[in-house]
Amino acid sequence: MESSENGRESNEGISVKEENILNFLDSVDGYLILMDSLSSTLRQGWLELASARHSMGASRINSTLFDLKLHPASTTLQVNDQSAAPDRELPHFTLCKWASSNNPEKYFEEAKFGEDELLKKSNSLRHRDISHNSEIQARSPESVGSPVTVDDQAEKERYKSLSMFGTLVSPKLRASQLSFETALEMLVEVSNMRASLLCAHDQVQKDMETATK
Amino acid sequence: MTFNIHGGYLEAIVRGYRSGLLTASDYNNLCQCETLEDIKMHLSATEYGPYLQNEPSPLHTTTIVEKCTLKLVDEYKHMLTQATEPLSTFLEYITYGHMIDNVVLIVTGTLHERDVQELLEKCHPLGMFDSIATLAVAQNMRELYRLVLVDTPLAPYFSECITSEDLDDMNIEIMRNTLYKAYLEDFYRFCQKLGGATAEIMSDILAFEADRRAVNITINSIGTELTRDDCRKLYSNFGLLYPYGHEELAVCEDIDQVRSVMEKYPPYQSIFSKLSYGESQMLDKAFYEEEVKRLCLAFEQQFHYGVFFAYMRLREQEIRNMMWISECVAQNQKSRVHDSVVFIF
């Protein structure tokens, strides 16, 4: 009787360890997919910027037009305090996009990606369980790689930030802005994913140390 | 009959310059380059060779564009110093567009608290004039005109945009487009006065330029604060689209509405037929291809000034091509190189 109970506990222990290893591998998988997406989004953004410069002319798109006047940041990064609730699975970093200092209500958007978009990048990888990773939620973007739907205020902030290049700018410049905005969201997601990955790695290490004792 | 007395030598010179434009095989070689050093090596066998040979590594895309532009400037200055009236005035007209761009660059950069010296380095050499640095002290358009531009060839174009309003991003944009509109109309009238083959060829090229500007202003203003009336005021008062096409363009709210307006005009049907619905990315290339066709046709006739304008514009297109190829090579995106390269021959 005791031996069967011990056997059951041992089996449960092994399945928990296997689950931790799977969590870790899942995190690595998610991290690598995100890094690949980030790289391709940045490449797209840079090429679109070159295309905008080709279309509008080098005198209209160049670094000497950057505005050096002091102005509030249109996007900020919020670092969540993990010490308050260490047991909860919360994102460590959150992006506050297109927050205007003139508007007392900040536009709070979490940088999240639909899992389908990430999986499009690598069909050969195993499908990950959505319920397991609560940080990734499905959304319906307007197009592949574009940010979530924003209201008019955010659109105004977008145009305002591009106005240093002029008020009538090419659609290519706006596309470039969207690509870099998407890349910024991805960066935050990469940071959160890295935090999960390190947490899963620590868990696996602990399990290995326990097993060797 | 008497054209060759004053213009024959320079027409021969510009036709000689034209034969130095890069060919399709040059572009094929450039598109296969792996690095900017390879591009420099291929260009060393062309007329750009002497301008790039002393540039140290690592090369930047902006360096390639600057040196190629220097070649164009040297050729232009050679022609201008040899020209007599009215060809000298015609050649000066070609640079007024760059002058407007430089004025707007200095004013915008000053508004953004940039150093004047830094801005001057980014100005196009063909658009430089003596008092350009003084633009930085102006607070509004009235001062801009009174302190600096009154003594420049752009002075007559300022009558429509002199206000005491402070310079901000929207006013600067309206100023840019108003100046360019006035310049195009003035250039058009000047060519009409010259008459003959110059008037015939330049009318066609400038009308196309005016129509293209109208389309670009319309597309770029979609979703902005620019009102329909303000938009209409920025269109030139000539061209195939004037006046009914302008009325329809001013009320367009997306690219598909612009397409439905433009497809009513046969010369522009072929341009928009190359684009899929809702897409505007390839519109620039389609317009550039049409422009190059018209510019090359200018060389089919003799004894007119249109060849000078056509040559300058073809060189600028060549420089744009090299800029794009350099960017694709530098960013390791060679698969996209044919997105924006327009072959001239």
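In this report, we go over the structure that sits alongside the text. The structure displayed is predicted, hence computed values, not measured ones. (Residues numbered from 1 in each chain as written. Chains lettered and ligands numbered in written order. Predicted model: local features only at pLDDT ≥ 70, side-chain atom pairs only at ≥ 80, totals over all residues. Heavy atoms only, no water.)

1. Observations regarding the interface of chain B and chain A
The interface of chain B with chain A comprises 39 residues on the first partner and 30 residues on the second. Overall, the association of chain B and chain A removes approximately 3100 Å² of surface from exposure, summing both partners, and the carbon and sulfur fraction of that is 54%. The three residues of chain B that bury the most area against chain A are B:H112, B:R114 and B:N220, which together make up 18% of that side's buried surface. Between the two partners, chain B and chain A, sit 3 salt bridges. Residues A:K172 and B:D284 are paired through a salt bridge, measuring 3.1 Å at the closest nitrogen-oxygen approach. (Contact = heavy atoms within 4.5 Å. Buried area = accessible area lost by both parts, 1.4 Å probe. Salt bridge = Lys/Arg side-chain N within 4 Å of Asp/Glu carboxyl O.)

2. Here we look at the packing of helix α10 (residues 196-221) of chain B against helix α14 (residues 266-273) of chain B
Residues and elements named next belong to chain B. Orientation of α10 relative to α14, taken along the N-to-C sense of each, is 50 degrees, at an axis distance of 13 Å. In this view, α10 runs oblique relative to α14, as classed from their interaxial angle. For the pair α10 and α14, the crossing hand works out as right-handed. For the pair α10 and α14, the contacting residues are A207, F208, D211 and V215 in the first and Y268, I271 and F272 in the second. Here the contact of α10 with α14 is built from residues that sort into 6 nonpolar, no polar and 1 charged. (Axes fitted to C-alpha atoms, helices over the stretch in contact; angles between N-to-C directions. Helix = DSSP H or I, 4+ residues; strand = E, 2+ residues; numbered from the N terminus. Parallel < 35°, antiparallel > 145°, perpendicular 65-115°, else oblique. Left-handed = near helix turned anticlockwise from the far one by under 90°. Nonpolar A, V, L, I, M, F, W, Y, C, P; charged D, E, K, R; others polar.)

3. What about the nonpolar core?
Residue and element names in this part refer to chain B. Among the nonpolar cores identified, the biggest contains 106 residues, and F90, F187 and F308 are the most heavily contacted of them. Tallying contributions element by element places helix α16 (residues 306-330) first for this core, with 14 residues. In contact with F308, not counting residues within four places along its chain, are L10, E11, V14, M79, L87, F90, L91 and I94. By size, the runner-up hydrophobic cluster in this structure holds 26 residues, among which are I219, Y235, A250 and V258. (Core = buried A, V, L, I, M, F, W, Y, C linked by side-chain atoms within 4.5 Å. Buried < 20%, exposed > 50% of the residue type's maximum accessible area, 1.4 Å probe, protein only.)

4. Focus: the environment of B:V292
All names here are of chain B. When you line up the elements, V292 lands in helix α15 (residues 283-298). For V292, a relative accessible area of 4% puts it in the buried group. Remark: the alpha-carbon pair of V292 and F345, spanning 53 residues in sequence, is separated by 9.3 Å. In this structure V292 touches L314, Q317, V342, F343 and I344, once residues within four positions along its chain are discounted.

5. Digging into the environment of B:K233
With respect to the helices, strands and loops of the structure, B:K233 is situated in helix α11 (residues 228-233). Each C-alpha atom of the pair B:K233 and B:S57 lies 48 Å from the other, and the pair is 176 residues apart in sequence.

6. Quick word on the environment of B:M128
Along the chain, B:M128 falls in the loop between α7 (116-122) and α8 (141-148). Taking the C-alpha atoms as reference points, B:M128 and B:Y235, separated by 107 residues in sequence, lie 26 Å from one another.

7. Focus on a nonpolar patch on the surface
Taken together, A:I21, A:L22 and A:L25 make up a surface patch of nonpolar side chains, about 260 Å² in accessible area. By the secondary structure assignment, A:I21 is in helix α1 (residues 2-56). (Patch = residues over 30% accessible without salt bridge, like charges linked within 9 Å, V, L, I, M, F, W, Y side chains within 5 Å. Areas by Shrake-Rupley, 256 points an atom, 1.4 Å probe, with all protein chains shown as cover.)

8. Let's talk about unusual backbone geometry
All names here are of chain B. At the junction of S57 and P58, the peptide bond is cis and its omega measures out at -5 degrees in the coordinates. In this model, Y242 is joined to P243 through a cis peptide bond whose omega is -5 degrees. You will see that N332, though not glycine, has its phi angle at about 55 degrees, which is positive. Of the residues examined, N332 reaches a relative accessible area of 55% and is grouped as exposed.

From the geometry alone we can't say anything about function, so treat these as descriptive.
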